[in-house]
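Here is what each chain is made of, one letter per residue.
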Amino acid sequence: MKIALPSRQNQIDEHFGHCEYFTVFTVNDNHEILSEEMVSSPADCGCKSNIAQTLAQMGVKMMLAGNMGQGAVNVLNGYGIEVLRGCSGEVKNVAEQWLAGTLA
């Protein structure tokens with residue numbers, strides 16, 4: 001499984017539509033991070049770009065985000081990507097907390 005986090009300087013970007021890049025973690029069935037990659041953010045990031053399609057084609061199933069409008073959530077959901085909003089902090093920490101079931 002893959003999870004994506006809108007990122008800026010290794011932190012969750014509070015503005016999904018304006019993030020610098022997406023951090024994508026590949027995770028195994030034991031909830032361990034196997035690899036990390038960065039995906040460039042398109043010029044018109046957010047629900048008006050092709051980022052949902054791009055991430056879905058990569059196998060992303062979960063988006064851990066800060067602030068995101070309902071339109072963007074709907075677009076991501078339409079591509080089979082579940083969204084959890086309200087996240088903040090260092091991207092790997094957030095991913096590990098979600099995998100451990102301790103993300104508040």
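Residues numbered from 1 in each chain as written. Predicted model: local features only at pLDDT ≥ 70, side-chain atom pairs only at ≥ 80, totals over all residues. Heavy atoms only, no water.

Caption draft 1: Spatial organisation of the overall build of the protein. Within the protein, the secondary structure is distributed over three helices and six strands. The secondary structure elements of the protein, listed N-terminal to C-terminal, are β-β-β-β-α-β-α-β-α. Relative to a compact globule of 104 residues, whose C-alpha radius of gyration would be 13 Å, the protein shows 12 Å and is just as compact. Considered along the principal axes of its C-alpha atoms, the protein spans approximately 35 × 25 × 20 Å. Partitioning the intrachain contacts of the protein with sequence separation of at least 6 by distance along the chain shows that 46% fall at a separation of at least 24. A total of about 5,500 Å² of accessible surface is found on the protein, and carbon and sulfur atoms cover 45% of it. Mean positive and mean negative side-chain charge positions of the protein (6 and 11 charges, respectively) differ by 7 Å. (Helix = DSSP H or I, 4+ residues; strand = E, 2+ residues; numbered from the N terminus. Rg over C-alpha atoms; globule rule 2.2 N^0.38 Å. Contact = heavy atoms within 4.5 Å. Areas by Shrake-Rupley, 256 points an atom, 1.4 Å probe, with all protein chains shown as cover. Lys, Arg positive; Asp, Glu negative; His and termini not counted. Charge placed at Lys NZ, Arg CZ, Asp CG, Glu CD.)

Caption draft 2: The side chain of Thr 26, seen in detail. Here Thr 26 lies in strand β3 (residues 21-27). We classify Thr 26 as buried; its relative accessible area is 18%. When sequence neighbours within four positions are dropped, the list of residues in contact with Thr 26 reads Met 1, Lys 2, Glu 32, Ile 33, Leu 34 and Ser 35. (Buried < 20%, exposed > 50% of the residue type's maximum accessible area, 1.4 Å probe, protein only.)

Caption draft 3: Region of the structure containing the packing of aromatic side chains. Considering all chains together, one arrives at one aromatic pair under this definition. With centroids separated by 5.8 Å and ring planes inclined at 65°, the aromatic side chains of Phe 16 and Phe 22 adopt a geometry described as edge-to-face. An identical accessibility class is assigned to Phe 16 and Phe 22; each is buried. (Phe/Tyr/Trp six-rings, centres within 6.5 Å; stacked < 30°, edge-to-face > 60°.)

Caption draft 4: Spotlight on unusual backbone geometry. The backbone of Gln 9 shows a phi angle near 50°, a positive value even though the residue is not glycine. Turning to its location among the elements, Gln 9 is positioned in the loop between β1 (2-8) and β2 (11-12). We note that Asn 10 has phi near 70°; this positive angle belongs to a residue other than glycine. By secondary structure assignment, the location of Asn 10 is in the loop between β1 and β2. For Asn 10, a relative accessible area of 30% translates into the label partly exposed.

Caption draft 5: Region of the structure containing the state of the cysteines. If you walk through the whole model with that rule in mind, you get zero disulfides. Residue Cys 87 stays outside any disulfide, its sulfur separated by 14 Å from that of Cys 19, the closest cysteine. (Disulfide = S-S within 2.5 Å.)

Caption draft 6: Highlighting the environment of Ala 65. With respect to the helices, strands and loops of the structure, Ala 65 is situated in the loop between β5 (60-64) and α2 (70-78). Along the chain, Ala 65 and Glu 37 lie 28 residues apart, while their C-alpha atoms are 17 Å from each other. In this view, Ala 65 contacts Pro 6, Ile 12, Leu 84, Arg 85, Gly 86 and Cys 87; residues no more than four positions away in its chain are not counted.

Caption draft 7: The nonpolar core, seen in detail. Among the nonpolar cores identified, the biggest contains 18 residues, and Phe 16, Phe 22, Leu 55, Met 63, Met 68 and Leu 76 are the most heavily contacted of them. Secondary structure elements with two or more residues in this core: β3, α1 (51-58), β5 and α2. Beyond its immediate stretch of four places on either side in the chain, Met 68 contacts Phe 16, Met 63, Val 73, Leu 76, Val 83 and Arg 85. The next biggest cluster of nonpolar side chains, apart from the first, holds 12 residues, and it includes Ile 3, Ile 12, Val 27 and Val 94. (Core = buried A, V, L, I, M, F, W, Y, C linked by side-chain atoms within 4.5 Å.)

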